[in-house]
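A structural walkthrough
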Amino acid sequence: MINQYFEASVRKWRGLLLFLAAGLAGCFLLNLSFGSVDIPLKGISSYLFGKSTGSDSWDLILSNFRLPKALTATLVGGALGISGLQMQTLFKNSLAGPYVLGISSGAGLGVAVAIFLGFYFGGFLELSGIGRSWLLVVSAGIGALLVLLTIAFAANRVRDSVSLLIIGLMFGAASGAVISILQFFSQAENIQAYVIWSFGSLGSLSWIELSVFIPIILVGLIMAFLLSKPLNALLLGENYAISLGLNMKLTRHLIIINTSILAGTVTAFCGPIAFFGIALPHLTRMLFNTTNHLLLTPLIILFGGILMLLFDIIAQLPGSESTLPINAITALFGAPFVIFLLLRKKNLNYTFQS
Amino acid sequence: MSLISTRELSIGYLVKSGNKVLQRGINVSINNGEIISLVGQNGVGKTTFIKTISGLLPSIDGEVYFRDKRIISLTTRKLASAISLVLTEKPGSLNLSVIELVALGRHPYSGSLGVLRDKDKAVIERVISETGINYMANKKLFELSDGQLQIVMIARALAQETDVIILDEPTAHLDLHNKIEVMRLLKKIASQGKAVLISTHDIQICAQLSDRLWLFNFNSPLIQGIPEDLILRGAIHETLFLDKDTFDLEHGTVNLSQGGIPVVVEGTGNTVFWTAQALRRKGFEVTDKSDLKVKCNNPAEWNVISGTKTRSCSSLEQVLNILEQSSNLQ
């Protein structure tokens, strides 16, 4: 009986994952095709096989803009979803997300300080586009890293995860306050530069930035796979997890580091992309009806990639010149979807007991 | 050799001003095949004791041994294959299926990604059929009743294949039928050679299931012994702060009112028991000598004898009515 059960479930999940992988590939191609200029799928497939699309300008658009953006979107969706999942399981809280530990606030504070100091010393506007984007990436990264170190220190001191959650929220509040003060004392251009960063953007990464971004995110995702087993034990609650042989302190540290790598890197390179991290784990759990992290991890990576690519297509407003902020699109189209699923499910049994 | 033993163990927890010690100088041991109940009032330290000997809480003083090794010297993985727990808390996520929950019991043994090996699957299958939960193996936990959930949690502990199983108030929210199911299951587990430690307030578990009792009292040392000895010595009454006249351990019944009008109950078997119960509930005192007498002829016929007058009744309700009338006259 058991063997049949396990075999049937392996077959079912393998099929589903293959289906989603095919879907991801399809969305990737569509994402490359749509934009201010539509490039036919035939040209794209020949370009991906090392030939030309048949038009030099299309080649240029693909290699300089669309391909980096599509790669970023594919990874960002999964990375945010995974770190949200880890936070929700660690804190046994359905409202937790990748930013509960204050990582995006820390990154935001780093960026705010960089922009305002840059203006103060007068060098910011003279920086070239590349120099400016690296400045933002590095300052956001430093901000996120400082928050991570403080949280890791706090994780050593406090016994329970809920205290840690509250400490993270306090960090967010404090950073937000400092950012407000900085904004209060600065001119309109500074504030505009900061606000544009806070919109989030998938399309701002160059190939050089991608050569840093992709390896870090891949390491984070592989680490997330390896954390599936302790995360599954945590589903029972911390006491049961310890009695099952889990080293709670080590696990908590690893989860925090993993989340910070994923969410911190995404925030540093793409800005604080909201909503996705909280909503994607819920969507995935509801749609596929499982809590097993060994399944949820690949499901979220694939499904998150698909959704982010689709949202990006919408944000491009196909056929038009302008691009909407990705932050607006994710929430605008994601929220009704989550609400619809919740109304259909009628209860929150799929999630955590408080 | 004992599976678990303690030496001069003090338990408690840390507060700002130092240690709050709940129990000190505990020297106990538990062997294969034994069922031991930990009895005491709320707040006396039963759960703290359980968490201490299972390594969830540090001890204040003294040592806990698993076989001949101190548990703090064991790795968490080793400890997880020695002691399994069924706590009062529900699992954090109730969206697990029963089979997934039981499979989590294999956590100390499964591969680094948690993938189950053939041996793990065999154990899960055996445990599921032993505990008789095949019929709900595919259900989600939120679909189960409290009683079913308790059995499933015990199955998870069994899948952990430990020598010792510790349960914190396993029958606390269960109705009688489920309580009996759990007791029967625990008896079966002990008969396979595992040591079972239960914390409980439940008199039936103390008296009918346990091989030995450990009684925890406030501000006095732990008392241990076999249940019947402790009942006869009145130690259980003392531990649970029960009044000897109020609580009848033999029947597990509570006598809430005393000093009512004395009535003699005559007859045999079940009928006498329930007749006496009904009288006590209505405030009469059941004694050996009185003018008022209730004679139970059979489960459908009673004679109420008051001095020389005899009246017959066909239900206990009638009996009570007549007795109340006559007691009002007096």
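Above this text sits the structure in question.
Overview of the structure. Once a new chain begins, its residue numbering starts again from 1 and follows that chain's sequence as written. By the order in which they are written, chains take letters starting at A while ligands take numbers starting at 1. Two thresholds apply to this predicted model, a pLDDT of at least 70 for residue-level local features and 80 or more for giving and counting side-chain atom pairs, whereas whole-chain, interface and lining totals are computed over all residues. Side-chain descriptors were evaluated using all non-hydrogen atoms of the structure, hydrogens and water having been removed beforehand.

**Looking at the overall build of chain B**
The helix and strand labels rest on DSSP assignments: H or I over at least four residues marks a helix, E over at least two residues marks a strand, and numbering proceeds from the N terminus. When you go through chain B residue by residue, the secondary structure sums to 11 helices and 18 strands. Put simply, the radius of gyration uses C-alpha atoms, and a globule should come to 2.2 Å times the residue count raised to 0.38. Since a compact globule built from 330 residues should have a radius of gyration of about 20 Å, the 25 Å found for chain B marks it as more spread out than a globular shape. Each residue gets one of three labels from its accessible area relative to the maximum for its type: buried under 20%, exposed over 50%, partly exposed in between, using a 1.4 Å probe on protein chains only. Evaluated residue by residue, chain B yields a buried proportion of 50% over its 330 residues. Total accessible area on chain B is roughly 15900 Å²; 49% of this is exposed by carbon and sulfur atoms. One finds the centroid of the 36 positive side-chain charges in chain B at a distance of 5 Å from the centroid of its 35 negative side-chain charges. Per-residue accessibility takes into account occlusion by the displayed protein chains alone, with areas from the Shrake-Rupley method and a 1.4 Å probe. Positive residues here are Lys and Arg, negative ones are Asp and Glu, while His and the chain termini are left out of the count. For charged residues, the charge sits on one atom: NZ in Lys, CZ in Arg, CG in Asp, CD in Glu.

**Section: the overall build of chain A**
Along the backbone of chain A there are 14 helices and 0 strands. Secondary structure of chain A in N-to-C order comes out as α-α-α-α-α-α-α-α-α-α-α-α-α-α. In terms of overall size, chain A behaves like a compact globule, its C-alpha atoms giving a radius of gyration of 21 Å where 354 residues would be expected to give roughly 20 Å. Expressed as lengths along the three principal axes of its C-alpha atoms, the size of chain A is roughly 60 × 50 × 35 Å. Summed over its atoms, the accessible surface of chain A is roughly 15400 Å², and 72% of this surface lies on carbon and sulfur atoms.

**Details of the packing of aromatic side chains**
Here a ring pair, both rings aromatic, is described through the centre-centre distance and the interplanar angle of the planes. Classification of ring pairs uses Phe, Tyr and Trp, with its six-membered ring standing for Trp, and accepts pairs whose centres are within 6.5 Å; under 30 degrees between planes counts as stacked, over 60 as edge-to-face, and the remaining range as tilted. Here the structure, examined in full by the defined rule, presents 9 aromatic pairs over all chains. In textbook terms, an aromatic cluster arises when at least three aromatic residues are bridged by ring pairs, as seen for B:F49, B:W214 and B:F216.

**Some details on the pairing of strand β5 (residues 61–66) of chain B**
Successive side chains on a regular strand alternate, one facing one side of the sheet and the next facing the other. All names here are of chain B. Two strands are counted as paired when DSSP detects at least two bridges linking them. With 5 bridges connecting them, strand β1 (residues 4–15) and β5 associate as antiparallel partners. Counterpart to I4 in the pairing with β5 is F66. With 2 bridges joining them, β5 and strand β6 (residues 69–70) adopt antiparallel strand pairing. Residue F66 lies in a different strand from β6, and its bridge partner there is K69. Here β5 folds back onto β6 in antiparallel fashion, the turn holding 2 residues, of which R67 has a positive phi close to 50 degrees.

**With respect to the environment of A:F28**
Of note, A:F28 is situated in helix α1 (residues 2–33). It only takes one pair of heavy atoms within 4.5 Å for two residues to be counted as in contact. Dropping the residues within four chain positions of it, A:F28 is found in contact with A:L67, A:A70, A:L71, A:T74 and A:L309.

**Side note on unusual backbone geometry**
All names here are of chain B. Its identity as a non-glycine residue notwithstanding, E8 has a phi of 45 degrees, on the positive side. Although it is not a glycine, R67 sits at a positive phi angle of roughly 50 degrees. Considering the arrangement of structural elements, one finds R67 in the loop between β5 and β6. Under the relative-accessibility criterion, R67 is labelled partly exposed at 37%.

**As for the interface of chain A and chain B**
Counting from both sides, the interface comprises 33 residues of chain A and, opposite them, 45 residues of chain B. Summed over both partners, the interface of chain A with chain B buries about 3300 Å², with 61% contributed by carbon and sulfur atoms. In short, buried area is how much 1.4 Å probe accessible area vanishes from two parts on joining, totalled over both. Considering only the side of chain A, the residues that lose the most area to chain B are A:K229, A:Y240 and A:L244, jointly responsible for 23% of the buried surface there. Within this document, salt bridges are pairs made up of a side-chain nitrogen of Lys or Arg and a carboxyl oxygen of Asp or Glu, the two lying within 4 Å of each other. If you look at where chain A meets chain B, you find 0 salt bridges. Any pair of nitrogen or oxygen atoms within 3.5 Å is treated as a polar contact; in protein, a donor-acceptor pairing is required on top of that, and neighbouring residues in sequence qualify only through side-chain atoms on both sides. Taken together, chain A and chain B are joined by 12 residue pairs in polar contact (both at pLDDT 80 or more). Breaking the side of chain A that touches chain B down by element, the ones donating at least two residues are α1, α8 (207–226), α9 (228–234) and α10 (238–243) of chain A. In this classification, the charged set is Asp, Glu, Lys and Arg, the nonpolar set is Ala, Val, Leu, Ile, Met, Phe, Trp, Tyr, Cys and Pro, and all remaining amino acids, among them Gly, are polar. Of the residues belonging to the side of chain A that touches chain B, the class tally is 17 nonpolar, 13 polar and 3 charged.

**Describing the sheet that holds strand β18 (residues 309–313) of chain B**
Either a parallel or an antiparallel arrangement is found when strands of a sheet pair, and the pairing is made through backbone hydrogen bonds. Residue and element names in this part refer to chain B. Taken together, 5 strands build an open sheet; the order of strands is β15-β14-β16-β17-β18 and the sheet is mixed. One side of each edge strand has no neighbouring strand; the edge strands of this open sheet are β15 (285–287) and β18. Strand-to-strand twist in this sheet, taken as the mean axis angle between neighbours without regard to direction, amounts to 30 degrees. Both strand β14 (residues 262–266) and β15 contribute to a ladder of 3 bridges, which runs parallel. Note on geometry: axes are lines fitted to C-alpha atoms, helical ones only across the stretch in contact, with angles between N-to-C directions running from 0 to 180 degrees.

**Quick notes on the pattern of salt bridges**
All names here are of chain B. Here the structure, examined in full by the defined rule, presents 13 salt bridges over all chains. When the shortest N-O distance is used, the salt bridge between R106 and E161 registers 3.1 Å. You can see R106 sitting in the loop between α3 (98–104) and α4 (118–130) and its partner E161 sitting in the loop between α5 (146–159) and β8 (164–168), a full 55 residues away along the chain. E181 is the partner of R184 in a salt bridge, and the nearest nitrogen-oxygen pair spans 3.6 Å. Of the two residues, R184 and E181 both sit in helix α6 (residues 176–191), 3 residues apart, roughly one turn of that helix. Given a relative accessible area of 31%, E181 falls into the partly exposed group. Three or more residues are tied together by salt bridges with common partners; here these are R106, K119, D120, R126, E130 and E161.

**Observations regarding empty space enclosed by the protein**
The gaps of empty space that remain are located by a probe, the size of a water molecule, rolled over the atoms. Of the grid points, spaced at 1 Å and generated over the protein atoms alone, those admitting a 1.4 Å probe that cannot get out make up cavities, while open sets with protein on both sides within 12 Å along at least five of seven lines make up pockets; any residue with an atom within 4 Å of a point is treated as lining. Grid points are joined across faces, edges and corners, and a volume is the space filled by probe spheres set on the points. This model, assessed by the stated rule, comprises 2 cavities of 30 Å³ or more. Estimates place the volume of the largest cavity at around 50 Å³. For the lining of the largest cavity, the leading source of residues is helix α12 (residues 276–288) of chain A, giving 4 residues. Of the residues assigned to the lining of the largest cavity, the class counts are 8 nonpolar, 1 polar and no charged. In this model, the second largest cavity occupies a volume close to 30 Å³. Forming the walls of the second largest cavity are B:I4, B:S5, B:T6, B:V28, B:S29, B:I30, B:F49, B:I53, B:L197 and B:W214. Of all the secondary-structure elements, those providing two or more residues to the lining of the second largest cavity are β1, β3 (29–30) and α1 (46–53) of chain B. With 3 residues, the top contributor of residues to the lining of the second largest cavity is β1(B). The residue inventory of the lining of the second largest cavity, partitioned by class, reads 7 nonpolar, 3 polar and no charged.

**Details of the nonpolar core**
Residues and elements named next belong to chain B. Counting 170 residues, the largest nonpolar core has F49 and W214 as the members making the most contacts within it. Apart from the residues within four sequence positions on either side, F49 is in contact with T6, L9, I11, I26, V28, L38, L197, W214 and F216. Counting 16 residues, the second largest nonpolar core, distinct from the first, contains V263, V265, L279 and I322. In plain words, nonpolar cores are sets of buried Ala, Val, Leu, Ile, Met, Phe, Trp, Tyr and Cys residues tied together by side-chain atoms within 4.5 Å.

**Quick notes on a nonpolar patch on the surface**
Residues with no salt bridge and a relative accessible area higher than 30% make up the patches, which join like charges within 9 Å and nonpolar side chains (Val, Leu, Ile, Met, Phe, Trp, Tyr) within 5 Å. Together, A:V138, A:I142, A:L145, A:L146 and A:L149 line one region of the surface with nonpolar side chains, adding up to about 480 Å² of accessible area. With respect to the element layout, A:L145 can be found in helix α5 (residues 129–157).

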